[in-house]
Amino acid sequence: MNRLPRVAFRVAVAAIILIFGMSRIKAQEPASAPPKQEAPKQEPGKQDPAKQGATKEEKDEEDENPVAPQPAPALPAGMTGSDVNDPRFKLTPGVYDAGETSMGIKHLQLVKKPDAFQLGATDPDDPKVEKTVRQLGVGNIAKMPKPLQLVIAQLAFANSDLAFEGNHLFQGNFYGLNIYDISNPANTALLTSVVCPGGQGDVSVYKNLLFMSVEMPNGRLDCGVEGFPPEPPPPAGQEKEKKRRLPAAQKDRFRGVRIFDISDIKNPKQVAAVQTCRGSHTHTLVLDSNDKENVYIYVSGTSFVRQAEELAGCSGEAPDKDPNTALFRIDVIKVPVAVPQDAKVVSSPRVFIDPRTGALNGLNNGGTHGKGGEKPEETNQCHDITVYSAIGLAAGACSGNGILLDIKDPVHPKRVDAVNDPNYSYWHSASFSNDGSKVVFTDEWGGGLGARCRPNDPNKWGADAIFRLKNGKLSMASYYKLPAAQGDTENCVAHNGSLVPVPGRDIEVQAWYQGGISVIDFTDAAQPFEIAYFDRGPIDPKMLVLGGDWSAYWYNGSIYASEIARGLDVFELTPTKFLTQNEIAAAKAVRVSELNVQNQQKIEWPAQLIVAKAYVDQLSRSQALPQDQIAALQKAIQNAESSHMNKGKVAKLERMAPSLEKSAATAKSPADAARLHALADILKHPSA
């Protein structure tokens, strides 16, 4: 971790532990924030009451800002950093007027946050800041540096993850959720808001049900905004104790998964609230093709374990002291679709178990990077789990490890493989390639609250790790990190993304907080590269104001990004040398009725000539066929289209298929072979 003043750092850590959880803090360095603030003037002869009784060293340390932005240290030997010559590095700052730059992406719209979801303050001394922090249940605020209070208060209104159904987009927020009409993406409009604090607010949707994750201690069963009484300061003499003090038990506190009925889209109704011991930082919707009456929710809790006085059966003890500990597990909720009020936890799989010894704490991170290197630490939580039911597997990003789960029995997932990496700090999320041959894991180094894309930040830290997947085993292939350097006040690290359904290629759009969004081609697992991007300048040039894109997802032809501080961004892809108009049109030909990215769906392309044209463009780009054959294919497809699929023209297409299949046998790469086979299949039975 960065070297911080002892007293201020202790207060900062205590606050963040309370909100985010003990096990995450070790992997996440404190947020970057303002440079040293000028202290308010005291009347002559008067002393700041918060400093009475403090030593001179403690007073001096508390005057320092513990989260001031620090330039990245020198690159470790053998590491390379980010590109300072990229146009994204020196964009002008601003909230709604920041400089913007893009390649291969058109920004259609920014829909600003509703007023109810705004902190309404950027000055650490604004009374709203302290009021918000108190509502979160944080005690002993007097010793918490003002800049840190601002970061925590901003988080209380942060936009989080996205889900989609039909023409509706659901945007989670630490303060509730917002629902948008996206029937015309370029004219996206707010339909309704639900104020319901509790963070993190990640959402998923299934038919008439919406699920929301709640983890923070200010969440109430009734969605009330008042939170709970602030925690009192520690008793005299106990200020320096390291033991974590849990918030007082509250019968009305809620931490777990809320379930809303959204049959009336403008008037969602909470119909169930399933409590869990660690709350729900994220969750994953799981569908079982053999069980149409129920859906399942995998719950990933990363925060502290609540006391048994608040929720019976909860224990945060080590496994050797309590084999029923709420650590070292995930929870599975079964939701009867017809009667969601009967939802309940039905299993708590021990996915970290050592199969040889039966020890619950069977995985660790193997050690990670940092000052002098960090010692191995046990993995006791998953941050995010992506299920891919079509192949019967799930990829878990589990703090210290990436794991692979067999989910054929969704109630009892079983680990089949696990990997770690010393270049990874905190395994955060995962995506499969469409054919299931690769998994992209992200590393949330700095926890989303730190600047981790500075010129000297290594490009293997806070990056994507691309693994090959074969016979249930993961093997490392390469890293990908946002290539453009970002500033000291821009929180930036790898975060959430989804596949873009371009046939014949593995492409993902991904959010990087204030690094913007990056579109990546990882068809060749060993050679991922950027093909498009969008970025804004920092929100503030002197202090870190929490912001940037939390998630960036493709849905039915557009890209939607959840911007933490500003609102909702809407984009579309545009042609470049890396991506043709035909490839974009082929991606738009794929339509789904619902999208929860962590419940990954297998992409199926229609046998349309627009998809065939995308394959031809790719074969031309890779020089897999002679140029005269490419030209003949393009002409034959154009003639069939312009003739409105005249039988003779279509028959000519069919006659071209055998030669393509023959070429596939001698293709230079597996990707080209697959494209040739897919193109031949379309030409045999084409549709307009």
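In the block above lies the structure referred to throughout.
Let me begin by describing the structure that accompanies this report. Just so it is clear, the model here is predicted, and its values are computed rather than measured.

1. Considerations on the packing of helix α8 (residues 627-642) against helix α9 (residues 647-664)
And then number 1: Two elements in contact, α8 and α9, have axes whose closest approach is 9 Å; the angle formed by their N-to-C orientations is 150°. Considered as vectors, α8 and α9 are oriented roughly antiparallel to each other. As α8 packs across α9, the resulting crossing turns out to be left-handed. Contacts from Gln-629, Ala-632, Leu-633, Ala-636, Ile-637, Asn-639 and Ala-640 of α8 reach α9 at Lys-649, Leu-653, Met-656, Ser-659 and Leu-660.

2. Considering the nonpolar core
And then number 1: In terms of nonpolar packing, the biggest core is built from 33 residues, with Leu-119, Val-133, Leu-136, Met-144, Ile-152, Phe-174 and Ile-564 touching the most fellow members.
And then number 2: Every element with two or more residues in this core is listed here: α4 (127-135) and α5 (146-155).
And then number 3: Looking at which element gives the most residues to this core, the answer is α5, with six residues.
And then number 4: Dropping the residues within four chain positions of it, Phe-174 is found in contact with Leu-155, Ala-156, Phe-157, Ala-158, Ser-160, Pro-197, Gly-198, Gly-199, Gln-200, Met-216 and Trp-550.
And then number 5: Ranked by size, the runner-up nonpolar core spans 26 residues in total, among them Ile-610, Ile-630, Ala-636 and Leu-683.

3. Here's the deal with helix α6 (residues 581-588)
And then number 1: For α6, the set of buried residues is Glu-583, Ile-584, Ala-586 and Ala-587. Mapping the buried residues of α6 onto a view down its axis gives an arc of 160°, with all of them on the same face.
And then number 2: Where α6 is buried, its residues touch β27 (549-555), β29 (567-573) and α7 (609-621).

4. Digging into a positive patch on the surface
And then number 1: On the surface, Lys-635, Lys-649, Lys-652 and Arg-655 cluster together into a patch of positive charge.
And then number 2: For the positive patch, the element with the most residues is α9, which contributes three residues.
And then number 3: Of note, Arg-655 is situated in helix α9.
And then number 4: Under the relative-accessibility criterion, Arg-655 is labelled exposed at 60%.

5. A closer look at the packing of aromatic side chains
And then number 1: Here the structure, examined in full by the defined rule, presents 15 aromatic pairs.
And then number 2: Ring centres of Phe-117 and Tyr-175 lie 5.9 Å apart, and the angle between their planes is 90°; on these two criteria the pair is classed as edge-to-face. Placement of Phe-117 in the loop between β2 (105-112) and α4 and of Tyr-175 in the loop between β4 (168-173) and β5 (176-181) is noted, with a sequence separation of 58 residues between them. Residue Phe-117 shares its accessibility class with Tyr-175, and that shared class is buried.

6. Some details on the state of the cysteines
And then number 1: Under the criterion given, the structure shown has four disulfides.
And then number 2: Between Cys-277 and Cys-314 runs a disulfide, and the two sulfur atoms are separated by 2.1 Å. Since a negative S-S torsion denotes a left-handed disulfide, the Cys-277-Cys-314 link at about -90° is left-handed. Note that Cys-277 is positioned in the loop between β10 (269-275) and β11 (282-288) and Cys-314 in the loop between β12 (291-300) and β13 (331-336), a separation of 37 residues in sequence. Exposure class is identical for Cys-277 and Cys-314. Each is buried.
And then number 3: There is a disulfide in this structure between Cys-453 and Cys-492, and the S-S distance comes to 2.1 Å. Disulfide Cys-453-Cys-492: the torsion about the S-S bond is -75°, which places it as left-handed. With Cys-453 in the loop between β20 (438-443) and β21 (464-470) and Cys-492 in the loop between β22 (473-480) and β23 (496-499), this residue pair connects regions lying 39 residues apart in the sequence.

What counts, and where the lines are drawn
Residues numbered from 1 in each chain as written. Predicted model: local features only at pLDDT ≥ 70, side-chain atom pairs only at ≥ 80, totals over all residues. Heavy atoms only, no water. Axes fitted to C-alpha atoms, helices over the stretch in contact; angles between N-to-C directions. Helix = DSSP H or I, 4+ residues; strand = E, 2+ residues; numbered from the N terminus. Parallel < 35°, antiparallel > 145°, perpendicular 65-115°, else oblique. Left-handed = near helix turned anticlockwise from the far one by under 90°. Contact = heavy atoms within 4.5 Å. Core = buried A, V, L, I, M, F, W, Y, C linked by side-chain atoms within 4.5 Å. Buried < 20%, exposed > 50% of the residue type's maximum accessible area, 1.4 Å probe, protein only. Arc of directions from axis to C-beta. Patch = residues over 30% accessible without salt bridge, like charges linked within 9 Å, V, L, I, M, F, W, Y side chains within 5 Å. Areas by Shrake-Rupley, 256 points an atom, 1.4 Å probe, with all protein chains shown as cover. Salt bridge = Lys/Arg side-chain N within 4 Å of Asp/Glu carboxyl O. Lys, Arg positive; Asp, Glu negative; His and termini not counted. Charge placed at Lys NZ, Arg CZ, Asp CG, Glu CD. Phe/Tyr/Trp six-rings, centres within 6.5 Å; stacked < 30°, edge-to-face > 60°. Disulfide = S-S within 2.5 Å.

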